[in-house]
Amino acid sequence: MLIERAKASWRTFRQSPPGQRFQERYRRRQRKHRGPLDPARIFYVSAGGTLALASALLGWAPGLGWVTFFIGLALVAGELRPVAVFLDWLEVRLRRAARGMRSFWERSPGAVRVLISAAALAGAAALGYGAYYLLFGAPGALIPL
């Protein structure tokens, strides 16, 4: 039952037009609540805020840090209208930027694509090494070996 509700909620969210999705979700959630001290509302704001904060602090590390950051913000956006407005604004701009990058990628010759891929791989390796060094290798590391 929980999985079916989550799937239905996701379908409704995806069917909303970009730039209005988070605000429509906010309005749907507000119709269900019984006030500012509703336990569900308190849970979503505190869990989403905690997830977003923890992800922001650990987002530089390899992994899903920024994905979980936006998931946390999405949880909060269902309860706080300013966050919903911000995420709708951000979605429109990120979609526009992604279209531009995709267009650039499709127009680029193969050699440029290889160079971009190599640079991205080198950047990911540098981030991974930096995270390893800070966590395990540096004097006074967070987790000394």
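Look up: the structure comes first, before these words.
What you are looking at is a predicted structure, and each value in this text was computed from that prediction instead of being measured.

Q: With reference to specific residues and values, describe the pattern of salt bridges.
A: Pairing is possible between side chains of opposite charge, provided their charged atoms come close. Counted by the stated rule, this structure contains five salt bridges. Note that Arg 29 and Glu 79 form a salt bridge whose closest N and O atoms lie 2.6 Å from each other. Of this pair, Arg 29 sits in helix α2 (residues 21-32) while Glu 79 sits in the loop between α4 (65-77) and α5 (81-107), and the two are 50 residues apart along the sequence. Of the residues examined, Arg 29 reaches a relative accessible area of 13% and is grouped as buried. By relative accessible area, Glu 79 is classed as buried at 1%. A salt bridge links Arg 95 to Glu 91, with the nearest nitrogen and oxygen atoms 3.2 Å apart. Pair noted here: Arg 95 and Glu 91 are both in helix α5, with a separation of four residues, about one helical turn. Assessed through its relative accessible area of 35%, Arg 95 is described here as partly exposed. Each of Arg 21, Glu 91 and Arg 95 takes part in salt bridges that share partners, so that together they form one network.

Q: Now, about the layout of surface pockets: what can you tell me, with residues and values included?
A: Counted as a void, the largest pocket has a volume near 1000 Å³. At the level of secondary structure, the elements contributing two or more residues to the lining of the largest pocket comprise α1 (2-15), α2, α3 (39-58), α4 and α5. The element contributing the most residues to the lining of the largest pocket is α1, with seven residues. Residue classes in the lining of the largest pocket are distributed as 15 nonpolar, three polar and nine charged.

The rules behind each value
- Residues numbered from 1 in each chain as written.
- Predicted model: local features only at pLDDT ≥ 70, side-chain atom pairs only at ≥ 80, totals over all residues.
- Heavy atoms only, no water.
- Salt bridge = Lys/Arg side-chain N within 4 Å of Asp/Glu carboxyl O.
- Helix = DSSP H or I, 4+ residues; strand = E, 2+ residues; numbered from the N terminus.
- Buried < 20%, exposed > 50% of the residue type's maximum accessible area, 1.4 Å probe, protein only.
- 1 Å grid on protein atoms, 1.4 Å probe; cavity = no way out; pocket = protein on both sides within 12 Å on 5 of 7 lines; lining within 4 Å.
- Points joined across faces, edges and corners; volume = space filled by probe spheres on them.
- Nonpolar A, V, L, I, M, F, W, Y, C, P; charged D, E, K, R; others polar.

Note that all results are geometric; they support no functional claim without further evidence.
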